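Spelled out from the first residue to the last, the chains are:
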Amino acid sequence: MEYGGLKLTADRQNPAADHDESSNALPLDPNPTTARSHSSTQGDQNADLFLSPSATPKAKAPINIADATPVFSAPGSSRSHDQRCLTTTLDLARNWPRPVWHSPWKIYRVISGHLGWVRSVAFDPSNRWFCTGSADRTIKIWDVASGTLQLSLTGHIGQIRSLAVSSRQPYLFSAGDDKQVKCWDLEQNKVIRSYHGHLSGVYSMALHPTLDVLVTGGRDSVCRVWDVRLKNVQVHALTGHEDTVCSLLTRPTDPQVISGSHDTTVKLWDLRKGKTFSTLTHHKKSVRALTHHPKLDRGNCFASASTNTIKKFNLPRGEFLHNMLSQQKSIINAMAVNEDGVMATGGDNGSLWFWDWKSGHNFQQSHTIAQPGSLEGEAGIYALCYDVTGTRLVTCEADKTIKMWKQDEKATLETHPLNFRPPNLRDVGRF
């Protein structure tokens, strides 16, 4: 028996008319070239969700992440491309690093003293004291060992949003909503310099680890670079963001400055030229926190946090690595990681989650409790920081308190099992 050629009827001339929008499958197209174009576009969008640019195969084909099966391909497309891309993704999930077991963390001290929201924190390099900045417009210095108040500094006329302590000079830097960046001499306990240039509130600040350089960012969408050895000398004005610069990160190697903004982007900056090195557009919401491992030999990468999502990127080029394996359903305001690879993230709803840095596994989910006399909605975490040893964690909260955390020394693998489930294809591309 012989079969004749296929004849398209009138209602089949337009394949798009029969395409069900709720389906992931692509309609057949009489023109194979057009079908391949549709398939490639769909594959590109899905592949970017879970593969870094360095790991993405050059030849892309349609992949349906939802059910981990290839979609129906039009005549002429190569099924080997489907299988190759799917195999790469499955290998990524199968070879996912197993997390290291970490003891759970618990509160051991609550410090009161501020009269407003506590917005910022920084530790002394000697690890003897730490300082906090608040909406009450004061900076308070606390003893690490006892938690007692040692000193209060006044001078700002707006809430203090960022603090930094220099390891090269006896200087403390502060910035706030009053557009001012102040340099305090801790030997005299007074302001010796003020840096003017921001046109609105200053939300973030970071000291360069090896240079006498201070980087500040604020509501004017500009990152400003200052020489801390001189009075009010601006080295660069790093422009390019379209909204508030709310997080900054400095490194000893290129890119030496990384910034996150309310415009949902992360920018890597060339500090020598004062220009953008790369712009990362993976986030969908404001990028409010950035962090990297204190030891550069533990993986040259950094993490960024926005609402519900934490992502890791490779350096120096900024290739996307992976998402953390759980979603902290909150606006994430702060994050930090210690030398043991324990990353802490604090949310607007009072959630404090602890993660294994290498694997992205969330091993503890805590929730801070607002102190008596505070509203239930004031259980938010605005800033957090590890001490120099990485054994103590300080959180700054909306109930006007400062909470100190440490690991539970009595915990064991038997009392707190790891409960790690290697990610499957759905998990890798979920967020």
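Residues numbered from 1 in each chain as written. Predicted model: local features only at pLDDT ≥ 70, side-chain atom pairs only at ≥ 80, totals over all residues. Heavy atoms only, no water.

Q: Whenever I open this one, the overall build of the protein confuses me. Can you help?
A: Scanning the protein from N- to C-terminus turns up three helices and 28 strands. Within the protein, the proportion of its 431 residues that are buried is 54%. In the protein, of all internal contacts separated by at least 6 residues, the share reaching a separation of at least 24 is 48%. Counting only carbon and sulfur atoms, one obtains 49% of the accessible surface of the protein, whose full area is about 20300 Å². (Helix = DSSP H or I, 4+ residues; strand = E, 2+ residues; numbered from the N terminus. Buried < 20%, exposed > 50% of the residue type's maximum accessible area, 1.4 Å probe, protein only. Contact = heavy atoms within 4.5 Å. Areas by Shrake-Rupley, 256 points an atom, 1.4 Å probe, with all protein chains shown as cover.)

Q: Would you mind showing me how to read the packing of aromatic side chains here?
A: Describing an aromatic ring pair means giving the distance of the ring centres and the angle of the ring planes. Overall, the coordinates contain eleven aromatic pairs when judged by the stated rule. Consider the rings of Trp353 and Trp355, whose centres lie 5.7 Å apart with planes at 40°: the pair is tilted. Taken individually, Trp353 and Trp355 each receive the classification buried, so the pair is uniform in this respect. Put simply, the rings of Trp105, Phe354, Phe363, Tyr386 and Trp405 pair up and form one aromatic cluster. Over the face of the ring belonging to Tyr203 we find Arg161, whose NZ or CZ atom lies 4.0 Å from the ring centre. Directly above the ring of Trp357 sits Lys312, whose terminal nitrogen or CZ lies 4.5 Å from the centroid. (Phe/Tyr/Trp six-rings, centres within 6.5 Å; stacked < 30°, edge-to-face > 60°. Lys NZ or Arg CZ within 6 Å of the ring centre and 35° of its normal.)

Q: Sorry, what's going on with the pattern of salt bridges here?
A: Two side chains carrying opposite charge are able to pair once their charged atoms lie near each other. Counted according to the given criterion, the structure contains eleven salt bridges. In this structure, Glu378 engages Lys400 in a salt bridge whose closest nitrogen and oxygen atoms are separated by 4.0 Å. Remark: Lys400 occurs in the loop between strand S27 (392-397) and strand S28 (401-407) and Glu378 occurs in the loop between strand S25 (362-367) and strand S26 (381-386); sequence separation between them is 22 residues. By relative accessible area, Glu378 is classed as buried at 15%. You can call Lys400 partly exposed: its relative accessible area is 30%. A salt bridge links Asp387 to Arg392; its shortest N-O distance comes to 3.1 Å. (Salt bridge = Lys/Arg side-chain N within 4 Å of Asp/Glu carboxyl O.)

Q: Would you mind showing me how to read the UniProt feature "repeat: WD" (unreviewed entry) in the protein here?
A: Under the UniProt annotation, "repeat: WD" (unreviewed entry) lies at residues 111-152, 153-194, 195-229 and 238-279. The distance from the first to the last C-alpha atom of residues 195-229 is 12 Å, and the span holds 0% helix and 51% strand. (UniProt positions renumbered as here; feature names shortened; annotations may be inferred.)

Q: I keep staring at the sheet that holds strand S15 (residues 257-261) and nothing clicks. Help me out?
A: Consider a sheet: its strands pair through backbone hydrogen bonds, and that pairing is either parallel or antiparallel. Here we have four strands laid out as an open sheet, ordered S14-S15-S16-S17, and antiparallel in their pairing. Two strands bound the open sheet, and with one partner strand each, they are strand S14 (245-250) and strand S17 (275-280). This sheet shows a mean twist of 25° between the axes of neighbouring strands, independent of strand direction. For S14 and S15, the ladder comprises five bridges, and the chain directions are antiparallel. Bridge pairing links Leu249 to Ile258 in S15. (Pairing = 2+ DSSP bridges. Axes fitted to C-alpha atoms, helices over the stretch in contact; angles between N-to-C directions.)

Q: Help me out: how do you make sense of the side chain of Ser306 in this one?
A: Assignment of secondary structure puts Ser306 in strand S19 (residues 301-306). Ser306 gets classed as buried once you look at its relative accessible area, which sits at 2%. Ignoring anything within four residues of it in the chain, the contact list for Ser306 reads His283, Lys285, Ser286, Val287, Ser330 and Ile332.

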